[in-house]
Amino acid sequence: MALDQFLTALGSMLEEARACLATVDNAESLEQLRVKYTGAKSGALKTVQKMLGSIDVKDKPAAGMRFNEVRDGIEEALGQAALRLGQAAHRPGGGSGPQSLGPVFDPTLPGLRPRIGTIHPITQTLEHLKEIMGRLGFNVTEGPEIEDQWHNFVALNIPEDHPARDPLDNFYLATAKAVSAESVTGDPPAPRLLRSQTSTVQIRVMETEPLPLRIISLGRVYRPDAPDATHFPMFHQMEGLWVDRNVTMTQLKSVLRLFATSYLGGDVSIRFRPSFFPFTEPSVEVDYWWNGQWIEFGGAGMVDPNVFQSVGIDPEIWSGFAFGLGVERLCMRRFGITDIRDLYRSDVRFLRQFAT
Ligand code: DAH
């Protein structure tokens, strides 16, 4: 269809609609006109819109623009006619039948106060941590919450008989898919699980990203702990991983101190206590001196050569450090929250206190 023909048709339609709507004098006729022009199935606008398809591609922008103008013009004329007849303003998309007759606006009715949400303190914390670590050159990566045994344990150097793999300490998933895999291979399938730590993302990143790399990953982890003031079966961790040539423990300490100083404010002291994690060697637990006491925030260490080997990285060439911090603990310290369960009760009276 030619553009000028289309535009002429649109123009006369708008003119005709305006003329009819200016003189319409009862609700029933108005409704008929509304259907005639804006009816969803065979209204005039709908019919013209279909013709848009046969317009030459180069003319489409002009045709589309004019179509929108005409549609808005007709909507406006409908609204004015409705106002004149004392109906509630015409609602596009139907629903303005005779039952919606009534005053347009009643200023004597009480208003409805909009309920505006606030950003959850944990979400605020996650954003804040990303921002601080971003300034230290760490990129944000994500990993899945449903994991396989390879990423949650095996590649992290956690042997089969390690207590961390105990069914009582993990949310293993029994799926129909796992059962059918068994019948194909003959091997009992390794059930997947809700990840118990974000260290899984270390493996995923090293499997896919080129070296060197410097990442953090923040997200939920799951452990079947009975909820009390300091435990909850779901919580968040921030994992960090830096792999390069000649990465040292000094850098680990500096990064964690800079992080703490930015997040907690002031000059925070940091303390490393010797510890053990299967995926780091040596391993440490990290404490911050804050408000007159040492507070444990997580674990860290130098990436174990076995972990590098499991993802095909040569530990003679590459070195790295990793750390995992508890997000709830950081959030609670900063906001003065004393019971982790308060974060997940969804009580807006509590949450609203942390509105930004
Ligand atoms: N994944 C450990 C946990 O959940 C925390 C951790 C310790 C992470 C040492 C690390 C690390 O990256 O190097 O308890």
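Residues numbered from 1 in each chain as written. Predicted model: local features only at pLDDT ≥ 70, side-chain atom pairs only at ≥ 80, totals over all residues. Heavy atoms only, no water.

## Focus on a nonpolar patch on the surface
Moving on, step 1. On the surface, Leu-83, Val-104 and Phe-105 cluster together into a nonpolar patch covering about 330 Å² of accessible area.
Moving on, step 2. Looking at the secondary structure, you find Val-104 in the loop between helix H4 (60-84) and helix H5 (121-135). (Patch = residues over 30% accessible without salt bridge, like charges linked within 9 Å, V, L, I, M, F, W, Y side chains within 5 Å. Areas by Shrake-Rupley, 256 points an atom, 1.4 Å probe, with all protein chains shown as cover. Salt bridge = Lys/Arg side-chain N within 4 Å of Asp/Glu carboxyl O. Helix = DSSP H or I, 4+ residues; strand = E, 2+ residues; numbered from the N terminus.)

## Details of helix H1 (residues 3-23)
Moving on, step 1. With 21 residues, H1 extends 31 Å between its outermost C-alpha atoms, agreeing within 8% with the 30 Å of an ideal straight helix rising 1.5 Å per residue.
Moving on, step 2. For H1, the complete set of buried residues consists of Leu-3, Phe-6, Leu-10, Gly-11, Met-13, Leu-14, Ala-17 and Leu-21. Along the axis of H1, the buried positions cluster into a sector of 165 degrees, meaning they face one direction only. Exposed positions of H1 whose direction lies more than 90 degrees from the buried face are Asp-4, Thr-8, Glu-15, Ala-22 and Thr-23.
Moving on, step 3. Buried residues along H1 sit against helix H2 (27-38), helix H3 (44-51) and H4. (Expected span 1.5 Å × (residues − 1). Buried < 20%, exposed > 50% of the residue type's maximum accessible area, 1.4 Å probe, protein only. Arc of directions from axis to C-beta. Contact = heavy atoms within 4.5 Å.)

## Re the site of the ligand
Moving on, step 1. Near the ligand, the surroundings consist of 15 residues, among which Gln-197, Ser-199, Arg-223, Gln-237 and Glu-239 are the closest.
Moving on, step 2. The side chain of Gln-202 places a nitrogen or oxygen atom 3.0 Å from an oxygen atom of the ligand.
Moving on, step 3. With respect to the ligand, the side chain of Gln-237 contributes an N or O atom lying 2.9 Å from an oxygen atom.
Moving on, step 4. Look at the ligand: alone it shows 360 Å² of surface, and the protein chains cover 90% of it. (Near = heavy atom within 4 Å. Polar contact = N/O pair within 3.5 Å; in protein donor to acceptor, adjacent residues only side chain to side chain.)

## As for the domain arrangement of the chain
Moving on, step 1. By the assigned domains, the chain splits into domain 1 (3-101) and domain 2 (121-354).
Moving on, step 2. Relative placement of domain 1 and domain 2: their C-alpha centres are 58 Å apart. (Domains from an automatic or database assignment.)

## Focus on the environment of Asp-56
Moving on, step 1. Summarising the element assignment, Asp-56 is placed in the loop between H3 and H4.
Moving on, step 2. Note on Asp-56: relative accessible area 42%, which makes it partly exposed.
Moving on, step 3. Taking the C-alpha atoms as reference, Asp-56 lies 7.4 Å from Ala-2; in sequence the two are 54 residues apart.

## Notes on the environment of Asp-72
Moving on, step 1. With respect to the element layout, Asp-72 can be found in helix H4.
Moving on, step 2. Note on Asp-72: relative accessible area 43%, which makes it partly exposed.

## A look at the sheet that holds strand E5 (residues 213-222)
For sheets, the rule is that strands pair by backbone hydrogen bonds, running either parallel or antiparallel.
Moving on, step 1. Ordered in space as E1-E5-E6-E10-E9-E8-E7, the 7 strands form an open sheet in which the pairing is mixed. The strands lining the two open edges of the sheet, one partner per strand, are strand E1 (139-140) and strand E7 (269-277).
Moving on, step 2. Sheet strands in contact with helix H8 (residues 200-208) are E5, strand E6 (234-244) and strand E10 (319-326), and its direction is about 40 degrees off that of E6. (Pairing = 2+ DSSP bridges. Axes fitted to C-alpha atoms, helices over the stretch in contact; angles between N-to-C directions.)

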